Amino acid sequence: MTKPLDDAALDQLFRTARTYNGYTDEPVSEAELHAIWDLMKMGPTSANQLPARLVWCVSDEAKAKLAAASSGTNGKKILQAPVSVVIGMDLDFHLHLPELFPHTDAKAWFEGNLPLREAHAFRNSSLQGAYFIMAARALGLDTGPMSGFDAAQVDAAFFADQPNVRTNFISTLGHGDPATIFDRLPRPAFEKFNRIA
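Note that this is a predicted model, so its numbers are computed, not measured. (Residues numbered from 1 in each chain as written. Predicted model: local features only at pLDDT ≥ 70, side-chain atom pairs only at ≥ 80, totals over all residues. Heavy atoms only, no water.)

Colleague: Would you take a moment to explain the nonpolar core for this structure?
Modeller: A general feature of soluble globular proteins is that nonpolar side chains tend to end up buried together. Counting residues in hydrophobic clusters, the biggest one holds 31 residues, and the most contacted among them are Ile36, Leu66, Val86, Phe158 and Leu173. Residue contributions to this core peak at 5 residues, all from helix H7 (residues 114-138). In contact with Phe158, not counting residues within four places along its chain, are Val55, Cys57, Ala62, Lys65, Leu66 and Val86. Counting 9 residues, the second largest nonpolar core, distinct from the first, contains Phe93, Ala106, Phe110 and Ala121. (Core = buried A, V, L, I, M, F, W, Y, C linked by side-chain atoms within 4.5 Å. Buried < 20%, exposed > 50% of the residue type's maximum accessible area, 1.4 Å probe, protein only. Helix = DSSP H or I, 4+ residues; strand = E, 2+ residues; numbered from the N terminus. Contact = heavy atoms within 4.5 Å.)

Spelled out as structure tokens, the structure:
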């Protein structure tokens, strides 16, 4: 039987964790990127679809391309961060299901039905994006997820050779600079947005 995490772990993952607008100069290693993936891939997705396709923008060139497709102050955040990540979604994820979900012919569920694949790719890559955030936090890193960007431009810059992959959202990654965060925004009590039926 599993036991609840202690308060220090819950704080690191949720209660004191924050979305960062800037980072320290401490680098993020390629080994840490692999470690994030090795954790986030373990999170559940429907029928083990794993539709997320990540591009880890580490080079100045890659970050500049991503920043050019971003709006407002997001471009500056992307350029300053040690790493910026494009979380894409593969609309042809079903082609991998014979390997990823071999229990039945799950590939057949999605063949010839693009709207169904779009819905599943979006839902499950969003889950994987959340796992990315939690995995980064678990490993002592911080993130700055954002949706202020031109998706078509990001797709053209990073997925031109994969027309079946579309951008879901993007995020910065590094060791957060506490000076770049705002005061904690409201988090309502259970009763405001929940009901038990």
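Read on, since the account is not over.
Colleague: Help me understand the packing of helix H2 (residues 30-40) against H7, please; the structure alone is not making it clear to me.
Modeller: How two helices sit against one another is set out by the angle between their axes and by the gap between those axes. Viewed as axis vectors pointing N to C, H2 and H7 meet at an angle of 125°, and their least axial separation amounts to 9 Å. With respect to their mutual orientation, H2 and H7 come out oblique. For the element pair H2 and H7, the recorded crossing hand is right-handed. Counting all contacts with H2, which are made through Ile36, Trp37, Leu39 and Met40, the residues of H7 involved are Gln128, Tyr131, Phe132, Ala135 and Ala136. Residue composition of the contact of H2 with H7, grouped by class: 8 nonpolar, 1 polar and no charged. (Axes fitted to C-alpha atoms, helices over the stretch in contact; angles between N-to-C directions. Parallel < 35°, antiparallel > 145°, perpendicular 65-115°, else oblique. Left-handed = near helix turned anticlockwise from the far one by under 90°. Nonpolar A, V, L, I, M, F, W, Y, C, P; charged D, E, K, R; others polar.)

Colleague: How should I be thinking about the sheet that holds strand E3 (residues 142-146) in this particular structure?
Modeller: To summarise the sheet geometry, strands pair through backbone hydrogen bonds and adopt either a parallel or an antiparallel arrangement. Strand order in the open sheet formed by 4 strands is E1-E2-E4-E3, and the pairing between neighbours is antiparallel. Two strands lie at the open edges of the sheet, namely strand E1 (52-57) and E3, each paired on one side alone. Recorded for the sheet is a direction-independent mean angle of 25° between the axes of neighbouring strands. Direction of pairing for strand E2 (residues 83-90) relative to strand E4 (residues 165-174): antiparallel, over a ladder of 8 bridges. The residue of E4 that forms the bridge with Met89 is Arg166. Packing against the sheet, H2 makes contact with E1, E2 and E4, and its axis sits at approximately 165° to E1. (Pairing = 2+ DSSP bridges.)

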